[in-house]
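This is what each chain is made of:
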2 protein chains.
Amino acid sequence: MKDLTPIVNLFFNNQFVSEKTKELFIPLLHEFKARKGATFLQEGAICNHIYIVESGLVRQYFYKDNIDVTEYFAWEGQGFVCIESFIERTPSNLIVEALEDSVIYGIEKNELNALAEKHHEIELMHRGLMEQGLVMSQKRMYSMLFETAKERYNNFLKASPFLINRVPSMYIASYLGITPETLSRVKGH
Amino acid sequence: MKDLTPIVNLFFNNQFVSEKTKELFIPLLHEFKARKGATFLQEGAICNHIYIVESGLVRQYFYKDNIDVTEYFAWEGQGFVCIESFIERTPSNLIVEALEDSVIYGIEKNELNALAEKHHEIELMHRGLMEQGLVMSQKRMYSMLFETAKERYNNFLKASPFLINRVPSMYIASYLGITPETLSRVKGH
DNA sequence: CGGAAAGATTGACATATATCAAGAACTCGA
DNA sequence: TCGAGTTCTTGATATATGTCAATCTTTCCG
């Protein structure tokens, strides 16, 4: 059986996890696979899992007035979740597609909650994930507000250089909140 | 002694709270007062509390290249926290000032954590606050990305009409991510 | 109460980015 | 390998919003 320790550590943000907690947590992990191009999560479904990509690359996106807007990329070691749907148990407007063949581990909300009720370390992890998301979300908002298209692209390049060759530019553009035309110009000069 | 039930209910987002939990939680509440114009939280301090405004009105802001940017308003019944500082225990770049004489209740992070460790309902409340913040943050980001200055102003007006006469326009402008000039034009037409 | 300081409005102009359109360069399946 | 369909680039133009400056209005302290 595969050693899932690395996946556990990712969920726990690489903080110390007791053997006991790890033992309890591992059975919650469900493995999913998605082939390149496949839709992993449909629009309108309720997102009941928190996922981490073990290998591959996925993209979260939604339609705003019929145009495709990228919300997030997740690659090896990155987590993702349709956050509003997960928190409020409402149908998601987000779609998740695999940009490459991917192996993904997920934990189910109810199972997580049940275990967390008994084991505080797990409840803390759950809160930790929400906190991480909150800080990231704030930073992204201020990047949209204060940075020019060029600055956002440069920062993206610096933070995730390896994505440039794995993701079509048009998706990067919409992730950065700009048009493909602007991205193209920004790259050129 | 004042009945703090309404404050407790605000922290618990108006969900059911058992008598036991309420009893445990009330001693965590600390009362603070701030006079109009006073700085309630300084820049550079670590924010160790989550606050709720009982009466009055406060503004969170920071300096971006020496210009004053409003992050948030909190009025009667609203919570606030310098979120990044609180989560990461780092010095805050946010300043909190009272725009009116205010009475504020706060809970201290360490005290909250200690109690939450023993009482799951309280831990859940803590996570709930983070989740609320996360959903709000996401919504605000998409408002900045997709809405025009006019739309943002109209939505603000609809959501918080009472703030218009309590807050100088320049603060509303920076909260909406626009200049005072643009806000003035947007209001006029 | 009066005057200085702060805030709000208005105008002229600058600028970043969007939009629309055309053509070039990839990509991928038959 | 060819060719159709994407995707990317480049150009011309439009537009929302920012910047700077002047003036008008409000606030508030001495």
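Further up the page is the structure itself.
Description of the structure in this document. Predicted model, so just to flag it, every value in this text is computed and none were measured.

### Digging into the overall build of chain A
Here comes step 1: Assigned secondary structure in chain A consists of eight helices and eight strands.
Here comes step 2: Against the 2.2 N^0.38 benchmark of 16 Å for 189 residues, chain A shows a C-alpha radius of gyration of 17 Å, consistent with a compact globule.
Here comes step 3: Across the 189 residues in chain A, those meeting the buried criterion constitute 50%.
Here comes step 4: For chain A, restricting intrachain contacts to residue pairs at least 6 apart in sequence, the fraction spanning at least 24 positions comes to 70%.
Here comes step 5: On chain A, roughly 9300 Å² of surface is accessible, and the fraction owed to carbon and sulfur atoms is 53%.
Here comes step 6: Put simply, chain A has 20 plus and 24 minus side-chain charges, and the middle of one group is 5 Å from the middle of the other.

### A word on the environment of B:Val53
Residue and element names in this part refer to chain B.
Here comes step 1: Relative to the assigned elements, valine 53 resides in strand β3 (residues 49–55).
Here comes step 2: Exposure remark for valine 53: the relative accessible area of 0% places this residue in the buried category.
Here comes step 3: C-alpha of valine 53 to C-alpha of glycine 79: the two residues are 26 residues apart in sequence and 6.2 Å apart in space.
Here comes step 4: Not counting chain neighbours up to four residues away, the residues in contact with valine 53 comprise Val58, Ala74, Trp75, Glu76, Gly77, Gln78, Phe80, Val103 and Ile104.

### Brief notes about unusual backbone geometry
Excluding glycine, residues mostly carry a negative phi; peptide bonds, for their part, are mostly trans.
Here comes step 1: Its identity as a non-glycine residue notwithstanding, A:Asp65 has a phi of 50 degrees, on the positive side.
Here comes step 2: Tracing the backbone through its elements, the reader meets A:Asp65 in the loop between β4 (57–64) and β5 (67–75).

### Overview of the protein's contact with DNA strand D
Here comes step 1: Lining the immediate surroundings of DNA strand D are 15 residues, of which A:Ser169, A:Ser184, A:Arg185, B:Ala149 and B:Thr182 lie closest.
Here comes step 2: What you see for DNA strand D is that sugar and phosphate hold 61% of its atoms within 4 Å of the protein.
Here comes step 3: At 3.0 Å from a sugar or linking oxygen of DNA strand D is found a side-chain nitrogen or oxygen belonging to A:Ser184.
Here comes step 4: At 3.1 Å, a side-chain N or O of B:Arg185 approaches a base oxygen of DNA strand D.
Here comes step 5: Every element with two or more residues in the surface near DNA strand D is listed here: α7 (169–176) and α8 (180–188) of chain A together with α8 (180–188) of chain B.
Here comes step 6: By residue number, the principal contributor to the surface near DNA strand D is α8(A), which donates four residues.
Here comes step 7: Taken together, the residues that form the surface near DNA strand D break down as four nonpolar, six polar and five charged.

### Observations regarding the side chain of B:Ser92
All names here are of chain B.
Here comes step 1: Mapping serine 92 onto the fold places it in the loop between α3 (83–88) and β7 (95–98).
Here comes step 2: Within polar-contact distance, the side chain of serine 92 engages the backbone nitrogen of leucine 94 at 2.9 Å.
Here comes step 3: Contact partners of serine 92, with chain neighbours within four places excluded, come to Glu43, Gly44, Ala45, Cys82 and Ser85.

### What to know about the environment of B:Ile122
All names here are of chain B.
Here comes step 1: On the secondary structure map, isoleucine 122 appears in helix α5 (residues 120–146).
Here comes step 2: Judged by its relative accessible area of 0%, isoleucine 122 falls in the buried class.
Here comes step 3: Once the C-alpha coordinates of isoleucine 122 and lysine 22 are considered, the two residues, 100 residues apart in sequence, prove to be 9.4 Å apart.
Here comes step 4: If we ignore the near neighbours within four places in the chain, the residues touching isoleucine 122 are Phe12, Thr21, Phe25, Leu112, Leu115 and Ala116.

### Comments concerning the relation of the copies chain B and chain A
Here comes step 1: Expressed as a screw operation, the relation of chain B to chain A combines 0.0 Å of axial shift with a rotation of 180 degrees, fitting to an RMSD of 0.0 Å. Read as a symmetry element, the transformation amounts to a two-fold axis.
Here comes step 2: A shared binding surface is used by both copies, with 100% of the interface residues of chain B retained as interface residues in chain A.

### Brief notes about the pattern of salt bridges
Here comes step 1: For the coordinates displayed, the defined rule picks out 21 salt bridges over all chains.
Here comes step 2: A:Arg59 is the salt-bridge partner of A:Glu97, the closest N and O atoms lying 2.8 Å from each other. Of the two residues, A:Glu97 is situated in strand β7 (residues 95–98) and A:Arg59 in strand β4; the sequence distance between them amounts to 38 residues. There is no split in this pair, since A:Glu97 and A:Arg59 are both buried.
Here comes step 3: Between A:Lys139 and B:Glu84 there is a salt bridge, with the nearest N and O atoms lying 3.7 Å from each other. You can see A:Lys139 sitting in helix α5 (residues 120–146) and its partner B:Glu84 sitting in helix α3, one on each of two chains.

### Description of the environment of A:Met125
Here comes step 1: Assignment of secondary structure puts A:Met125 in helix α5.
Here comes step 2: Separated by 116 residues in sequence, A:Met125 and A:Asn9 place their C-alpha atoms 10 Å apart.

### Side note on the protein's contact with DNA strand C
Here comes step 1: Around DNA strand C there are 15 residues in total, and A:Ala149, A:Thr182, B:Ser169, B:Met170 and B:Arg185 lie nearest to it.
Here comes step 2: In the interface set of DNA strand C, defined as its atoms within 4 Å of the protein, sugar plus phosphate atoms amount to 64%.
Here comes step 3: Here A:Ala149 contributes a backbone N or O atom positioned 2.8 Å from a phosphate oxygen of DNA strand C.
Here comes step 4: Of all elements in the fold, only α8 of chain A together with α7 (169–176) and α8 of chain B reach the threshold of two or more residues within the surface near DNA strand C.
Here comes step 5: Among the elements that line the surface near DNA strand C, the one with the most residues is α8(B), at four residues.
Here comes step 6: Among the residues forming the surface near DNA strand C, the class breakdown is four nonpolar, six polar and five charged.

### Focus: the sheet that holds strand β3 (residues 49–55) of chain A
Residues and elements named next belong to chain A.
Here comes step 1: Taken in spatial order, the four strands make up an open sheet running β1-β8-β3-β6, and their pairing is antiparallel. A strand with exactly one partner marks an edge of an open sheet, and here the two such strands are β1 (30–34) and β6 (79–80).
Here comes step 2: Here β3 pairs with β6 via two bridges, running antiparallel. Across the sheet, the residue bridging to tyrosine 51 is phenylalanine 80, located in β6.

Criteria and cut-off values
- Think of each chain on its own: its residues are numbered from 1, step by step along the sequence as written.
- Lettering for chains starts from A, numbering for ligands starts from 1, and both go in the order in which the items are written.
- At least 70 in pLDDT is required for a residue's local features to be given in this predicted model, at least 80 for side-chain atom pairs to be given and counted, and no such filter applies to totals for whole chains, interfaces and linings, which use all residues.
- Each side-chain value is worked out from all heavy atoms of the structure, with water and hydrogens disregarded.
- Runs of E in the DSSP output that reach at least two residues are strands. Runs of H or I that reach at least four are helices, and both are numbered from the N terminus.
- Our radius of gyration is a C-alpha quantity, and the globule rule it is checked against amounts to 2.2 Å times the number of residues to the power 0.38.
- Remark: exposure states derive from per-residue accessible area (1.4 Å probe, protein chains only) relative to the maximum for the residue type, with buried under 20%, exposed over 50%, and partly exposed in between.
- Any two residues having at least one pair of non-hydrogen atoms within 4.5 Å are treated as being in contact.
- We get accessible surface area from the Shrake-Rupley algorithm with a probe of 1.4 Å; when it comes to residues, only the shown protein chains can shield them.
- We treat Lys and Arg as the positive residues and Asp and Glu as the negative residues; His and chain ends play no part in the count.
- Every charge is mapped onto a representative atom, which is NZ of Lys, CZ of Arg, CG of Asp or CD of Glu.
- Throughout, the term near means that a residue has one or more heavy atoms lying within 4 Å of the molecule or strand in question.
- Any pair of nitrogen or oxygen atoms within 3.5 Å is treated as a polar contact; in protein, a donor-acceptor pairing is required on top of that, and neighbouring residues in sequence qualify only through side-chain atoms on both sides.
- All residues other than Ala, Val, Leu, Ile, Met, Phe, Trp, Tyr, Cys, Pro, Asp, Glu, Lys and Arg, Gly among them, are scored as polar; the first ten of these are nonpolar and the last four charged.
- Here the copies are superposed with least squares, the fitted atoms being C-alpha atoms of residues at a pLDDT of at least 70 in both.
- Salt bridge criterion: a side-chain nitrogen from Lys or Arg within 4 Å of a carboxyl oxygen from Asp or Glu.
- A pair of strands is labelled paired if DSSP reports no fewer than 2 bridges between them.

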